[in-house]
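# Notes for the structure review
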Amino acid sequence: MISACRELSWMRPGILMRPIAALLFACIWLLMQQAVAQNTAPLPSFEQLEAEGAVIGEVRIDNQNIFDLNDPKENNLLFRLANTLHIRTRPSVIRRALLFKSGEPVSVQLIEETERLLRDNNYLYDVKIRPLAYQDGVVDIEVTTRDTWTLDLGLGFTRKGGDNETKYGLEEYNLLGTGIGIGWQRTIIDEGTTDQFEFQIDQLFGTRTRLGYSYEERHDGKGQFASLVRPFYALDARWAAGVKGSTADRLISSYTDGVLTGQYRQDRDLVNVFGGWSKGLIDGWTRRYSAGLDYLKDD
């Protein structure tokens, strides 16, 4: 009798642990199912997130190459070589172009406008912005861009009016993935040779300021142009300012029935300074004001 009671007392803890273990297992299983359901459930749209007052968390940049090698149609020797030779746009260049950032409330207008502005760059083929994860009122956003080929080797020959014209040059729209454009072209005609050089920076020192410069040297003169402009880069931008200038020194020839009848030299200087202001985007409309001053000297 005593031995039987002892055996029963040793069995009771095991009997009690079974339902507790089953309960714990059931709770764990329910939590796992809930986590799977949250991961597989479709994320709300940006319109829904804005209506709920969601705040932007992490902004991830996925800067993809020209061709998607995971696609069998694009995974061939030529496309792999193009991806190898091409330098992808740097994530910092894309991030600086965004109109939204972490900690700000979700704005459908800013997200859609950002997509349009990024697509305007001639070194990007496609842009997609989508919510990546959403929890406790905070949404992570992924910006996916697809590059395009930006190195242009130009070569051409034409004959018009009895004159031959040959052109060749090199132009790169996205130098080393920085968004800087640079180009050079030489034109050869019967009268002489013309060389043209130009470059443009859209994010000078990481700002919205654009710097542009071009130089042209012809057989009959030369000229150059420079600009430093902070534009109305977005609908809600409040101000803009800039300065532009150009110089030209050319020898102008006059002909009558193909015979040279006279020549004169033209010396031209032009400077433009301007500024603009706006109250921003109000009820879907933007009103902007600008004023400037031009200086022209033409001898």
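See above for the structure.
Read on for an overview of the structure. (Residues numbered from 1 in each chain as written. Predicted model: local features only at pLDDT ≥ 70, side-chain atom pairs only at ≥ 80, totals over all residues. Heavy atoms only, no water.)

Turning our attention to the sheet that holds strand β2 (residues 124–135). Strands sit in the order β1-β3-β2 across an open sheet of three strands; the sheet is mixed. Edge strands, defined here as strands with exactly one partner in the open sheet, are β1 (55–64) and β2. For this sheet, the mean angle separating the axes of adjacent strands, direction not counted, is 20°. Of the strands in this sheet, β2 and β3 (138–147) are in contact with helix α5 (residues 108–119), which crosses β2 at around 155°. (Pairing = 2+ DSSP bridges. Helix = DSSP H or I, 4+ residues; strand = E, 2+ residues; numbered from the N terminus. Axes fitted to C-alpha atoms, helices over the stretch in contact; angles between N-to-C directions. Contact = heavy atoms within 4.5 Å.)

For the rest of this paragraph, the subject is unusual backbone geometry. Non-glycine residue F205 carries a positive phi angle of around 55°. Within the secondary structure, F205 is located in the loop between β7 (192–201) and β8 (210–218). Positive phi outside glycine occurs at D283, with the angle close to 55°. Positionally, D283 belongs in the loop between β11 (259–282) and β12 (285–298). For D283, a relative accessible area of 75% translates into the label exposed. (Buried < 20%, exposed > 50% of the residue type's maximum accessible area, 1.4 Å probe, protein only.)

Once that is clear, we can look at the sheet that holds strand β10 (residues 239–256). If you walk across this open sheet you meet the nine strands as β4-β5-β6-β7-β8-β9-β10-β11-β12, and the pairing is antiparallel. Across the chains shown, the open sheet's two edge strands, defined by having one partner strand only, are β4 (151–160) and β12. With strand direction ignored, the average angle separating the axes of adjacent strands in the sheet is 10°.

A few words on the environment of A248. Tracing the sequence through the fold places A248 in strand β10. Taking relative accessible area as the criterion, A248 reaches 27% and is therefore assigned partly exposed. Along the primary structure A248 and R268 are separated by 20 residues, whereas in three dimensions their C-alpha atoms are 5.1 Å apart. With near-sequence residues (within four places) excluded, A248 lies in contact with K222, G223, Q266, D267 and R268.

Read these as spatial facts, not as claims about activity.
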